[in-house]
Each structure stands twice: as C-alpha cells, then as structure tokens.
Amino acid sequence: MTGVKTCALPISGQTPGTTTVTAGGGAEPATFSSLINTQPAAVLNFDFSVNDDGGTPGTDAVATQISQIVINQGTGNDISDWTQAILGAEINDGSNTQSGTVNATNITFSGIPYAAGQLGDVADNGNKTYALKIWLKTALGGALPTTIDGLNFVFRVTNGSFTLNQCGSQFATGQDQNSGSTNNAVDVTATELAFVQQPTNTGVDNIITPNVTVQGQDANGNRDLGFTGTVTLTGSGCGTVNGNSEAAVLGLATFAALEIDVEQSAITLTANAIGLTSAVSNAFNIVAGAAVSLVKWNFPNNPDNATADDGIGPNISKTISSVGTSAIAYNISGVSTQSARATNWDVGSGTKYWEISMEATTYDALKISSKQRSSNTGSRDFKLHYKVGVG
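Values in this document were obtained by computation on a predicted structure and should not be read as measured data.

Enquirer: Please provide a residue-by-residue account of the overall build of the chain, values included.
Expert: In terms of regular secondary structure, the chain is built from 1 helix and 33 strands. Computed over its C-alpha atoms, the radius of gyration of the chain comes to 39 Å, more than 25% above the 21 Å expected for a compact globule of 391 residues. Overall size of the chain, expressed as C-alpha extent along the three principal axes, is 135 × 45 × 35 Å. Here the analysis covers contacts within the chain between residues at least 6 apart in sequence; of these, 65% occur between residues at least 24 apart. Roughly 20300 Å² of accessible area belongs to the chain as shown, and the carbon and sulfur atoms make up 50% of that amount. Between the averaged position of the 16 positive side-chain charges in the chain and that of its 30 negative side-chain charges there is a distance of 22 Å.

Enquirer: Requested: an account of the sheet that holds strand β11 (residues 127-136), with residues and values cited.
Expert: If you walk across this open sheet you meet the 5 strands as β2-β4-β11-β6-β7, and the pairing is antiparallel. If you trace the sheet from one side to the other, it starts and ends with β2 (20-23) and β7 (97-99), each paired once. Each neighbouring strand pair of the sheet contributes to a mean axis angle of 25°, computed without reference to strand direction.

Enquirer: Describe the side chain of Arg 223, naming the residues involved and giving the relevant values.
Expert: Mapping Arg 223 onto the fold places it in the loop between β18 (212-217) and β19 (230-235). Of the buried charged residues, Arg 223 lacks a salt bridge, with Asp 149 as the closest side chain of opposite charge at 9.2 Å. In terms of polar contacts, Arg 223 uses its side chain to reach the side chain of Gln 215, at 2.6 Å. If we skip the residues at most four places from it in the chain, Arg 223 touches Pro 145, Thr 146, Asp 149, Val 188, Val 196, Gln 215, Gly 216, Gln 217, Leu 250, Gly 251 and Leu 252.

Enquirer: Run through the sheet that holds strand β24 (residues 264-267), naming residues and quoting values.
Expert: Spatial ordering of the open sheet is given by β17-β27-β24, a layout of 3 strands whose pairing is mixed. Whereas interior strands pair on both sides, the edge strands pair on one side only; in this sheet they are β17 (202-203) and β24. Two strands pair when backbone bridges link them, and β17 and strand β27 (residues 284-287) are joined in this way by 2 bridges, in the parallel orientation. Within β27, the residue paired with Thr 202 across the bridge is Ile 286.

Enquirer: Report on the environment of Thr 163, specifying residues and quantitative values.
Expert: Note that Thr 163 resides in strand β13 (residues 162-165). Along the backbone, Thr 163 and Ile 69 are 94 residues apart, and their C-alpha atoms lie at a distance of 6.6 Å.

Enquirer: With reference to specific residues and values, describe the packing of aromatic side chains.
Expert: This structure, assessed with the given rule, holds 9 aromatic pairs. Taken together, Phe 32, Phe 46, Phe 48, Trp 82, Tyr 130, Phe 153, Phe 155, Phe 162 and Phe 171 form an aromatic cluster joined through their ring pairs.

Enquirer: Help me get a handle on the pattern of salt bridges, residues and values and all.
Expert: Here the idea is simple: oppositely charged side chains can pair when their charged atoms come close. Counted by the stated rule, this structure contains 2 salt bridges. Taking the shortest distance from any N to any O, the salt bridge between Asp 93 and Lys 128 comes out at 2.9 Å. You can see Asp 93 sitting in the loop between β6 (86-92) and β7 and its partner Lys 128 sitting in strand β11, a full 35 residues away along the chain. Comparing Asp 93 with Lys 128 shows no difference in burial state: the two are buried. Note that Asp 176 is salt-bridged to Arg 156, the shortest N-O span being 2.6 Å. Of this pair, Asp 176 sits in strand β14 (residues 176-178) while Arg 156 is found in strand β12 (residues 155-158), placing the two residues 20 residues apart along the sequence. Its relative accessible area of 30% is what places Arg 156 among the partly exposed residues.

Enquirer: If you had to explain the confidence of the model for the chain to someone new, which residues and values would you point to?
Expert: For the chain, the average pLDDT comes to 89, and 90% of its residues sit at 70 or higher. Note that residues 1-6 has pLDDT below 50 and, in this model, 3 contacts with residues that lie over four places away or in other chains.

Enquirer: Please provide a residue-by-residue account of the nonpolar core, values included.
Expert: Counting 38 residues, the largest nonpolar core has Phe 48, Ile 69, Ile 71, Ile 134, Phe 153 and Phe 162 as its most contacted members. Going through the elements one at a time, β4 (44-51), β5 (64-73), β6, β9 (106-109), β11, β12 and β13 are the ones with two or more residues in this core. Residues in contact with Ile 71, not counting those within four places in the same chain, are Phe 46, Phe 48, Trp 82, Ile 91, Thr 105, Asn 106, Ile 107, Phe 109, Leu 132, Phe 155, Arg 156 and Val 157.

Enquirer: Please provide a residue-by-residue account of a nonpolar patch on the surface, values included.
Expert: Where nonpolar side chains cluster on the molecular surface, the patch consists of Val 292, Met 358, Tyr 363, Leu 366, Ile 368 and Leu 384 and spans about 560 Å² of accessible area. Taking relative accessible area as the criterion, Leu 384 reaches 61% and is therefore assigned exposed.

Parameters at a glance
- Residues numbered from 1 in each chain as written.
- Predicted model: local features only at pLDDT ≥ 70, side-chain atom pairs only at ≥ 80, totals over all residues.
- Heavy atoms only, no water.
- Helix = DSSP H or I, 4+ residues; strand = E, 2+ residues; numbered from the N terminus.
- Rg over C-alpha atoms; globule rule 2.2 N^0.38 Å.
- Contact = heavy atoms within 4.5 Å.
- Areas by Shrake-Rupley, 256 points an atom, 1.4 Å probe, with all protein chains shown as cover.
- Lys, Arg positive; Asp, Glu negative; His and termini not counted.
- Charge placed at Lys NZ, Arg CZ, Asp CG, Glu CD.
- Pairing = 2+ DSSP bridges.
- Axes fitted to C-alpha atoms, helices over the stretch in contact; angles between N-to-C directions.
- Buried < 20%, exposed > 50% of the residue type's maximum accessible area, 1.4 Å probe, protein only.
- Salt bridge = Lys/Arg side-chain N within 4 Å of Asp/Glu carboxyl O.
- Polar contact = N/O pair within 3.5 Å; in protein donor to acceptor, adjacent residues only side chain to side chain.
- Phe/Tyr/Trp six-rings, centres within 6.5 Å; stacked < 30°, edge-to-face > 60°.
- pLDDT = per-residue confidence, 0-100.
- Core = buried A, V, L, I, M, F, W, Y, C linked by side-chain atoms within 4.5 Å.
- Patch = residues over 30% accessible without salt bridge, like charges linked within 9 Å, V, L, I, M, F, W, Y side chains within 5 Å.

Rendered as structure tokens:
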C-alpha cells in the first residue's frame, strides 16, 4: 500500500536529530559500600537526562522512544570485568523500573517499553531522568576480594548506547555523559579478621613456613586495604608463641618470625586486633624438630685438614685445633690416619685439650659427639667444657 508509514520497528543509528543527553540532577557517590548486595540496599550510581528535541523544542512533534539502553564502561573505570563484581542492576525514571543484564563491559537494558508513560517514553519537548543503581556480589570473582577496595566504577552513555523507535525523535550527534572517574569507588571497611595463610605443622622453635598471614576484611571476605592495625596471635596450647605481633600492611599482617617453643598437637592460633572480630586458625602440630648438623669434621676426607667438612653457613669455615699437644697431623708418610692426630698428651704439664668454636644462635638441645682412640700413653678420658659467647 502506498502512503502508509509503519512505526513499530526500533532501530539504532538513526539520522541525527535534536534530542540530547545531559547530566542528571542526582549526585553520584564518591564511594559506596562493598556490602550493598541486594536491590533494596542499592543507591544511585549514575543518572542522566534525555531531553526530547533538546534546545529546539517543537522540531518534530513526536516523542523520543527508547527500546534499549546500553551503559558502557567509561574512562577511569578500574574493574575490567563487571560480571565478577556486579550481581544486579536496575534503571528507573522515578515511576518505572527495569532490571538489566550485566555483561563484562556493559549493562544492557533491552525490551524497554516506550508507549506513553512507560520507561522508554520521553514525551515530545519533555525530558526524563534515568537513574542507574547496582548491587554487588557477596562472593566477588578473580582477584577482586583482595583488590576491590578503592576501585572505581565509571558508567557512560553516548549516542550509540540507545536504540530508538524509527518514528520518534532522534539524538543529536556527540552526546556523551559519564558518572565521573572519581566517583563510585568501592569502600571496604574491615569488621573482622581472617587467616589467609593458615599455620602448618612445624618443628619446635622453627619459624612457621609458609609465613602465617591474617587480613582485615568485611563480612563478605573482602580485604580492607586501609586496615593498618596491629594483629596479635595467641596459641591454644602451652609454651611461648614468639614473633606473634605484626602491623597490617595494605590490610594484611604477615608473621615472618612466628615460632612456638613446645612440642604439642592439635593447637590453634587466635588472631586479635582492636575493634575487629577475632579469628581462629585451623589446627596444626608443633613437632620435635629434626636434628641439624651445625658443624662436622669427617675423616678420611679430601683433603683431610682442620677445616669443617659440613655444617650451617656460619660454621663451614670453622677449624679444629688442640692446645698443649703436638701439631695436629692428618696423615703419616702420605697415608691417611682417618683422624685428626695429636701426640704429647703425656709430655710436660698444663692443660691439654681439643678446641672447636661454632655458631649456634637460635638453636638449643645441642649434642656433641666424636669418635676417639688412644695409645697406651695417650689420654683415655675427656671432659667436655663449653662457654657461650666470644672471649
């Protein structure tokens, strides 16, 4: 049929018109809580006004009729994948409300009705303010539980954000509004502590590794990067918990010198900080520490000499010596004696002894062992004397 115009098809990319998009009258929040997790708790995050025919009312005598709005990420947005953070979203005009679909880089409101008085209808020569509200997931995705504090959402609409009815008013070119790069920062406020790295079974007086860590977090387990309080650990068992107090850095307290001095089983640690709910760790054991060779001389070895053959770093250059005896020999006529050998134990007067020195800081329950043999004129019995410190 000729002379009939069909206006039921919504399309985007229309020939430019005069409808404009301007900033709404609401105030986008500088911050909003990480605990806004339901639609009733949601607050204004972004608003914008659609002005039919803009500054030239009466241009076309028809309304602006919107069937879809896509709110995209604006410049300064810090959260690249919105599906990891946003649970839901709504848009409203004060009378009508519609839920949207959260995608990685946008929120889409499709199938918007635009009959008179409905959400998508902006009356001829009128204007309508649209308000966006979002609410967050209780369990955030990716690394966000430890990084979201202080990150900004930025919401943006442009000409391309709108799908319009072809028979209604169209947008003027160059329309662009956003919520601002310094607004809508997620605020995480710690109310409780939680163990991040749990304690593991460890030897007596050994530093617990991996290092135990405790964070300040909100009720959803999000880390408060502004928490710098001191966290103190106490044990459920006996003995002393050393290295048990650390200040949090960016919300995380790391215990790099944590050790317990008594063997025990199924103990727990309790983390405490002023103003926060305490946390209790998983159970773990403190076991008898494995013996560590602090310094050792082996005979025969190559070469046989006074320098230690094994031990911890500070002791590897230690030497064995004797006082009041002959010089120490390690071979006779090129043949190994399989020992450090000294004579003249029965010659002259004065105290005669073997002497070694070693570093033993942080170690206890020291044991010294040696194998000795003697001729019928040599020493048979030895007494062990020791001193602590230098000199």
